[in-house]
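A look at the structure
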Amino acid sequence: MLRNLRDTGGVPVLLPDVDTSAKGKLIDAFGEFLRKERGLSASRLANHLPIVRGVLSR
């Protein structure tokens, strides 16, 4: 039902915010490394990357 509403324009499709700063690009690259080289799943990345963002924000 939700897909139908989105396809017909009844409900807007929410796009994720994209961080194009240097820190955002670094986090994206690290996430790709963890996914490709270390084999982390999407759910593990969703748990790990906010911690990385917090550390880099200090």
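Because the structure is a prediction, the values reported are computed rather than measured.

A separate point is the pattern of salt bridges. One pass over the structure, following the stated rule, counts two salt bridges. Glu32 is paired through a salt bridge with Arg35; the nearest N and O atoms lie 2.7 Å apart. Here Arg35 and Glu32 lie together in helix α2 (residues 22-36), a separation of three residues that amounts to about one turn. Exposure remark for Arg35: the relative accessible area of 39% places this residue in the partly exposed category. Salt-bridge contacts for Glu32 lead to Lys36; the nearest nitrogen and oxygen are separated by 3.8 Å. With Glu32 and Lys36 both in helix α2 and four residues apart, this pair spans about one turn of that helix. Among the residues examined, Glu32 registers a relative accessible area of 35% and is labelled partly exposed. A relative accessible area of 58% places Lys36 in the exposed class. Here the salt bridges share partners, and the residues they tie into one network are Glu32, Arg35 and Lys36.

Counting residues in hydrophobic clusters, the biggest one holds five residues: Ile27, Leu34, Leu40, Leu45 and Leu49. Not counting residues up to four positions away in its chain, the partners in contact with Leu45 are Gly31, Leu34, Arg35, Leu40 and Pro50.

Moving on, we get to a nonpolar patch on the surface. A cluster of nonpolar side chains, contributed by Met1, Leu2 and Leu5, occupies part of the molecular surface with about 340 Å² of accessible area. Position of Leu5 relative to the elements: it lies in helix α1 (residues 2-7).

In this section: the confidence of the model for the chain. In this model, the chain carries a mean pLDDT of 89, and residues with pLDDT of at least 70 account for 100%. At the level of individual helices and strands, the chain shows its lowest average pLDDT in α1, which scores 80, and its highest in α2, which scores 94.

All right, on to the packing of α2 against helix α3 (residues 42-56) then. Contact pair α2 / α3: the axes reach a minimum separation of 11 Å and the direction vectors enclose 145 degrees. For α2 against α3, the interelement crossing comes out right-handed. Residue-level contacts link Lys23, Leu26, Ile27, Phe30, Gly31, Leu34 and Arg35 of α2 to Leu45, Leu49, Val52, Arg53 and Leu56 of α3. Tallied by class, residues from the contact of α2 with α3 come to eight nonpolar, one polar and three charged.

Conventions and cut-offs
- Residues numbered from 1 in each chain as written.
- Predicted model: local features only at pLDDT ≥ 70, side-chain atom pairs only at ≥ 80, totals over all residues.
- Heavy atoms only, no water.
- Salt bridge = Lys/Arg side-chain N within 4 Å of Asp/Glu carboxyl O.
- Helix = DSSP H or I, 4+ residues; strand = E, 2+ residues; numbered from the N terminus.
- Buried < 20%, exposed > 50% of the residue type's maximum accessible area, 1.4 Å probe, protein only.
- Core = buried A, V, L, I, M, F, W, Y, C linked by side-chain atoms within 4.5 Å.
- Contact = heavy atoms within 4.5 Å.
- Patch = residues over 30% accessible without salt bridge, like charges linked within 9 Å, V, L, I, M, F, W, Y side chains within 5 Å.
- Areas by Shrake-Rupley, 256 points an atom, 1.4 Å probe, with all protein chains shown as cover.
- pLDDT = per-residue confidence, 0-100.
- Axes fitted to C-alpha atoms, helices over the stretch in contact; angles between N-to-C directions.
- Left-handed = near helix turned anticlockwise from the far one by under 90°.
- Nonpolar A, V, L, I, M, F, W, Y, C, P; charged D, E, K, R; others polar.

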